[in-house]
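What follows is each chain in one-letter form.
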Amino acid sequence: RDASKVALVHLAARLVKGGYRLLDCQFMTEHLRQFGTVEIGRAEYRTRLAEALATPATFYLEMDGAEACATLAQATTQTS
């Protein structure tokens, strides 16, 4: 029943660990909102997209479930 949530958490962790800067969800849903998704305007999206495209990233990193959770916990508690 919660397989999609587990898959989304793992995907987000893999992207964070790999250096990705943006995950475009296309549209807002309550399902995505519970994970901290925020809607942004077109101008901000284009700025973030340009920054993301200019940042090196890799998707192919080994990661287990515990590491995925730890990666997201660390990413969500950091401030800049």
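Structure's up top.
Residues numbered from 1 in each chain as written. Predicted model: local features only at pLDDT ≥ 70, side-chain atom pairs only at ≥ 80, totals over all residues. Heavy atoms only, no water.

A.B. asks: Is there a simple way to think about the side chain of Arg14 in this case?
C.D. replies: Here Arg14 lies in helix α1 (residues 3–18). A residue is classified by how much of its surface remains accessible, and Arg14, at 15% relative accessible area, is buried. Not counting the four nearest positions on each side in its chain, Arg14 is found in contact with Phe59, Tyr60, Leu61 and Met63. (Helix = DSSP H or I, 4+ residues; strand = E, 2+ residues; numbered from the N terminus. Buried < 20%, exposed > 50% of the residue type's maximum accessible area, 1.4 Å probe, protein only. Contact = heavy atoms within 4.5 Å.)

A.B. asks: Help me understand a nonpolar patch on the surface in this model?
C.D. replies: Where nonpolar side chains cluster on the molecular surface, the patch consists of Leu11, Tyr20, Leu23, Phe59 and Tyr60 and spans about 510 Å² of accessible area. Taking relative accessible area as the criterion, Leu11 reaches 31% and is therefore assigned partly exposed. (Patch = residues over 30% accessible without salt bridge, like charges linked within 9 Å, V, L, I, M, F, W, Y side chains within 5 Å. Areas by Shrake-Rupley, 256 points an atom, 1.4 Å probe, with all protein chains shown as cover. Salt bridge = Lys/Arg side-chain N within 4 Å of Asp/Glu carboxyl O.)

A.B. asks: In this structure, what is going on with the packing of aromatic side chains? I would like to understand it.
C.D. replies: Between two aromatic rings, the relevant description is the distance of the centres plus the angle of the planes. In this structure the tally under the stated criterion is one aromatic pair. Above the plane of the ring of Phe59 lies Arg14, whose end atom (NZ or CZ) is 5.1 Å from the centre. (Phe/Tyr/Trp six-rings, centres within 6.5 Å; stacked < 30°, edge-to-face > 60°. Lys NZ or Arg CZ within 6 Å of the ring centre and 35° of its normal.)

A.B. asks: Hey, could you run me through the layout of surface pockets in this one?
C.D. replies: Gaps left between atoms show up when a probe the size of a water molecule is rolled over them. Taken as a whole, the second largest pocket encloses approximately 160 Å³ of empty space. Around the second largest pocket, the lining residues are Leu11, Leu15, Gly19, Tyr20, Arg21, Leu22, Leu23, Leu49, Ala52, Leu53, Thr55 and Ala57. For the lining of the second largest pocket, the secondary-structure elements that each account for two or more residues are α1 and α3 (42–53). No other element matches the three residues that α3 contributes to the lining of the second largest pocket. Tallied by class, residues from the lining of the second largest pocket come to nine nonpolar, two polar and one charged. (1 Å grid on protein atoms, 1.4 Å probe; cavity = no way out; pocket = protein on both sides within 12 Å on 5 of 7 lines; lining within 4 Å. Points joined across faces, edges and corners; volume = space filled by probe spheres on them. Nonpolar A, V, L, I, M, F, W, Y, C, P; charged D, E, K, R; others polar.)

A.B. asks: Got a minute to help me understand α1 in this structure?
C.D. replies: Residue pairs three or four apart in sequence face the same way in an α-helix, which turns once every 3.6 residues. Its 16 residues give α1 an end-to-end C-alpha distance of 22 Å, which sits within 8% of 22 Å, the value for a rise of 1.5 Å per residue. Along α1, the residues classified as buried are Leu8, Ala13, Arg14, Leu15 and Gly18. At the exit of α1 stands Gly19, carrying a positive phi of roughly 95 degrees. (Expected span 1.5 Å × (residues − 1).)

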